[in-house]
Each structure stands twice: as structure tokens, then as C-alpha cells.
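# Results of the structural survey
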Amino acid sequence: MLPSLTLLLGLPLALATTGEPHGCTPLVPVTLDKDAIHGLLGQWFYITGASTYPPHQEEFKAVKYSTFSFSPSSHEDELNITESMRLNETCVVKSAKIQIFWHNSTLVHVDDQVASPAKLIQSDKDLFILKNFNDNFLSLSLSARTPNVSKEQLEEFKGHLYCLGFTEEDIFYASEKDACPLPEEKTDEGDVEL
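To start, this report covers the structure provided alongside it. Just so you know, these numbers come straight off a predicted model, no measurement behind them.

With the rule as written, the count across this model stands at two disulfides. Each sulfur of the disulfide joining Cys24 and Cys163 lies 1.3 Å from the other. For the disulfide bridge between Cys24 and Cys163, the dihedral angle about the S-S bond is near -95 degrees, and by the sign convention the bridge is left-handed. With Cys24 in the loop between helix H1 (3-8) and helix H2 (34-40) and Cys163 in helix H4 (residues 151-163), this residue pair connects regions lying 139 residues apart in the sequence. What makes Cys24 buried here is its relative accessible area of 14%. Disulfide pairing is shown between Cys91 and Cys180; the S-S distance is 2.3 Å. Measuring handedness by torsion sign, the sulfur bridge of Cys91 and Cys180 sits at about -105 degrees and is left-handed. In this pair, Cys91 sits in strand S4 (residues 90-101) while Cys180 sits in the loop between strand S9 (172-173) and strand S10 (191-193), placing the two residues 89 residues apart along the sequence. If one numbers only the bonded cysteines of the protein chain, in the order they occur, the disulfide pattern is 1-3, 2-4.

Printed below as a string of C-alpha cells:
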């Protein structure tokens, strides 16, 4: 599964009616329509995330850097996603599909026969939070159009995480210093395309 999309698509809805404990600012999912989907197209950078789901925790630990791009598919209920990421010391490029379920505004990342459903929480056109729901486990991730976000944006996201019971030790960050080389810079050492 793609860590950035896992991060992009992360957090369960099993926490009370609003999905957040009392006193927390609710994370309100975007109602998916053609404009919302069009706003997702293009390149994004994974910034940070946290999860209580053990497989996602392992992925988050391994992801040192991730960028991903959404593009239209030949089907209106689907997006293509291409990810480039550094997993520990190896650069990996993966392609997958995102299924769009319009009736309940859910995105489902499908990779290697594994489906990961999520809700999109859009802060603004250049930033989004993804909330995955997977068997009552929480996953929440922050992605942006640029490899860095403001201190205020990061603190606001961390506030959501803390409110949901995560600690600083639970949060995993990507680092621009771990970016994979551009295609023309590849050395073929440790680079894998899937």
C-alpha cells in the first residue's frame, strides 16, 4: 500500500458522532463532487501522519519522503495515482488506482488486492488531511502542494492528532532532505519501480 496515500487517506469514524472526542475541532469530510476531485489533480507531498493501525505504523516509520500525483482515469469513478517515495534507503515508484464512491464521499486506494478507504478533509486548495478508517483503527495524514507547510499549519494538524490521543512519539514526519533523485539523476542503486 502506498504510504503517502495511506497517510493521505487516513482515520476511522468510530469515535462518537462527530468522530472526535468532546472539545476537539471536528474534522469534517469533504463532500466529493467533480470540483473537489478536480482540486486533487496534480502533485502533492506527504508531510506527516500518525496511525494506531500496526501495518500503517510500520509504513509510516519506513517512509522518509513521499510525493504523489493524481491524474484522471478513463473512468469517472477512478483516479490514477503515482507515488515516488523513499522507504528507508530505497527509492520506490508505484502506480495504483483510487476508486471514488460518490454516494458516501469515500476514496478507496487499491493496491495489491488491498483496499484502504478514507475520507478527505480539505483545509484549503493547497493542503489536505486524509482520514483512513480501517477496523476501528485511526490514521490521519497531512499532505500539501509544496514539500513544506507553515508552522501554524503543522501545529494545527498536530493539535488534531493530540486531541485524538496521539503523542509526539506517534507522529512520523517526511523530510525533504530524503527526497529521491529526479529521473535524470537516478543512479540505479537502490531504485525500484513497481
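On to the pattern of salt bridges. Summed over the entire model, instances satisfying the criterion amount to seven salt bridges. Its salt-bridge partner being Asp126, residue Lys125 comes within 3.2 Å of it at the nearest N-O pair. With relative accessibility at 62%, the residue Lys125 sits in the exposed group. Taking the relative accessible area as the measure of exposure, Asp126 reaches 36% and is therefore partly exposed. Across the pair Glu168 and Lys158 runs a salt bridge whose closest N-O atoms are separated by 3.3 Å. Of the two residues, Glu168 sits in the loop between H4 and S9 while Lys158 sits in helix H4, which places them ten residues apart along the sequence. Judged by its relative accessible area of 32%, Glu168 falls in the partly exposed class.

Here we take up the packing of aromatic side chains. The geometry of an aromatic ring pair comes down to the distance between the two centres and the angle between the two planes. Under the definition given, this model contains seven aromatic pairs. Taking the centre distance of 4.6 Å and the plane angle of 70 degrees together, the rings of Trp44 and Phe128 count as edge-to-face. Of this pair, Trp44 sits in strand S1 (residues 42-51) while Phe128 sits in strand S7 (residues 127-134), placing them 84 residues apart in sequence. Classification of Trp44 by relative accessible area gives buried; the value is 0%. Residue class for Phe128 comes out buried when judged on its relative accessible area of 0%. Here Phe68 and Phe70 contribute two aromatic rings whose centre-to-centre distance is 5.7 Å and whose plane-to-plane angle is 80 degrees, an arrangement assigned as edge-to-face. Its relative accessible area of 1% is what places Phe68 among the buried residues. The rings of Trp44, Phe68, Phe70 and Phe128 are connected pair by pair, giving a single aromatic cluster.

Calculation criteria
Residues numbered from 1 in each chain as written. Predicted model: local features only at pLDDT ≥ 70, side-chain atom pairs only at ≥ 80, totals over all residues. Heavy atoms only, no water. Disulfide = S-S within 2.5 Å. Helix = DSSP H or I, 4+ residues; strand = E, 2+ residues; numbered from the N terminus. Buried < 20%, exposed > 50% of the residue type's maximum accessible area, 1.4 Å probe, protein only. Salt bridge = Lys/Arg side-chain N within 4 Å of Asp/Glu carboxyl O. Phe/Tyr/Trp six-rings, centres within 6.5 Å; stacked < 30°, edge-to-face > 60°.

Coordinates in, geometry out; function isn't part of it.
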